[in-house]
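# Examining the three-dimensional arrangement
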Amino acid sequence: EAGVTQFPSHSVIEKGQTVTLRCDPISGHDNLYWYRRVMGKEIKFLLHFVKESKQDESGMPNNRFLAERTGGTYSTLKVQPAELEDSGVYFCASSRTGGNTEAFFGQGTRLTVV
Amino acid sequence: GQNIDQPTEMTATEGAIVQINCTYQTSGFNGLFWYQQHAGEAPTFLSYNVLDGLEEKGRFSSFLSRSKGYSYLLLKELQMKDSASYLCAVRSTGTASKLTFGTGTRLQVTL
């Protein structure tokens, strides 16, 4: 079974540019989460999809961040326009629905805004 | 809100036993998870506790006391490959809700 995959693994962009991160969850996992780790800080929750619906987006920093999960399969997270403080590692995770199941994480996308 | 504390760094010797503590204060609780993360890799699931007590899985064990807001991860027979960051995370109410992480404990295993 393939794990959670994220693309790209690294991205370096200039302030003001747009970047789109992609996450492919494990097949059959209805729950998809985005998290972010800023240098020296803990991993923080951004938002949670159940299939194609946003269940919880309380962690989204501001309206420069837009997440989508059309069709309930893969998800994208777009940052537009990027700011310096957006630099960090963006993790995606997925889990099955029902019961107390763990979330499986991808390797993350390291975003550097210069 | 949620607040999770764990030591920043620990060092232990190969073959020894190490205990990584985690304390939490949460507005809702539906389980505590431990993840292992090697540098540049994905966090990988180690253990899950939702009821008080000890859960054992091979060389790794995890303990939870909900009344004290306390958990620990116990690693036995340490190996060099156990050098990694260990993340304590609490899930709020709901079986699929978000995780709140501590900053992680970086464990260095030495010869």
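The structure contained in this document is the topic of the report that follows. (Residues numbered from 1 in each chain as written. Chains lettered and ligands numbered in written order. Predicted model: local features only at pLDDT ≥ 70, side-chain atom pairs only at ≥ 80, totals over all residues. Heavy atoms only, no water.)

This paragraph deals with the overall build of chain A. The helix and strand inventory of chain A stands at 0 helices and 11 strands. Beginning at the N terminus, the succession of helices and strands in chain A can be written as β-β-β-β-β-β-β-β-β-β-β. Based on the C-alpha atoms only, the size of chain A along its principal axes is roughly 40 × 25 × 25 Å. Considering only contacts in chain A between residues 6 or more positions apart, those separated by 24 or more positions represent 51%. When the accessible area of chain A is evaluated, it comes to approximately 5800 Å², of which 48% is carbon and sulfur surface. Side chains of chain A give 13 positive and 13 negative charges; the mean places of these two sets differ by 3 Å. (Helix = DSSP H or I, 4+ residues; strand = E, 2+ residues; numbered from the N terminus. Contact = heavy atoms within 4.5 Å. Areas by Shrake-Rupley, 256 points an atom, 1.4 Å probe, with all protein chains shown as cover. Lys, Arg positive; Asp, Glu negative; His and termini not counted. Charge placed at Lys NZ, Arg CZ, Asp CG, Glu CD.)

Take empty space enclosed by the protein next. Applying the stated criterion across every chain yields a total of 1 cavity of 30 Å³ or more. Forming the boundary of the largest cavity are 11 residues, of which A:Y33, A:T101, A:A103, B:R91 and B:S97 lie nearest the centre. Among the residues forming the lining of the largest cavity, the class breakdown is 6 nonpolar, 4 polar and 1 charged. (1 Å grid on protein atoms, 1.4 Å probe; cavity = no way out; pocket = protein on both sides within 12 Å on 5 of 7 lines; lining within 4 Å. Points joined across faces, edges and corners; volume = space filled by probe spheres on them. Nonpolar A, V, L, I, M, F, W, Y, C, P; charged D, E, K, R; others polar.)

So, on to the nonpolar core. The tendency in soluble globular proteins is for nonpolar side chains to be buried side by side. By size, the foremost hydrophobic cluster in this structure holds 21 residues, and its most contacted members are A:W34, A:L46, A:L47, A:M60, A:L77 and A:Y90. Setting aside its immediate chain neighbours within four residues, A:M60 contacts A:L46, A:L47, A:F65, A:L66, A:A67 and A:L77. By size, the runner-up hydrophobic cluster in this structure holds 20 residues, among which are B:I4, B:W34, B:L75 and B:V109. (Core = buried A, V, L, I, M, F, W, Y, C linked by side-chain atoms within 4.5 Å. Buried < 20%, exposed > 50% of the residue type's maximum accessible area, 1.4 Å probe, protein only.)

Quick look at the side chain of B:Q36 now. Residues and elements named next belong to chain B. Along the chain, Q36 turns up in strand β4 (residues 32-37). Within the local environment of Q36, its side chain forms a polar contact with the side chain of Y86, the two groups lying 2.9 Å apart. Leaving out residues up to four positions away in the same chain, Q36 has contacts with A42, P43, T44, L46, F60, K81, D82, A84, S85 and Y86. (Polar contact = N/O pair within 3.5 Å; in protein donor to acceptor, adjacent residues only side chain to side chain.)

What the rule picks out here adds up to 2 disulfides over all chains. A sulfur-sulfur separation of 1.8 Å characterises the disulfide bridge that pairs A:C23 with A:C92. Handedness here is read from the sign of the S-S torsion; for A:C23 and A:C92, about -65°, the answer is left-handed. Placement of the pair is A:C23 in strand β3 (residues 19-24) and A:C92 in strand β9 (residues 88-95), with a sequence separation of 69 residues. The exposure class assigned to A:C23 is buried, which follows from its relative accessible area of 0%. Disulfide partner of B:C22: B:C88, at an S-S distance of 2.0 Å. Here the disulfide of B:C22 and B:C88 is left-handed, its torsion about the S-S bond being about -70°. Here B:C88 lies in strand β9 (residues 84-91) and B:C22 lies in strand β3 (residues 18-25), a separation of 66 residues in the sequence. (Disulfide = S-S within 2.5 Å.)

All right, on to the pairing of β9(A) then. All names here are of chain A. Of all 8 residues in β9, 8 are buried, a share of seventy percent or more. As paired elements, β9 and strand β11 (residues 109-113) share 3 bridges and run antiparallel to each other. By the bridge assignment, Y90 is partnered in β11 with T109. Bridge count for β9 against strand β10 (residues 104-105) is 2 bridges, and the pairing is antiparallel. Looking at the pairing, S94 lines up with F104 of β10. (Pairing = 2+ DSSP bridges.)

That is the geometry; function is a separate question.
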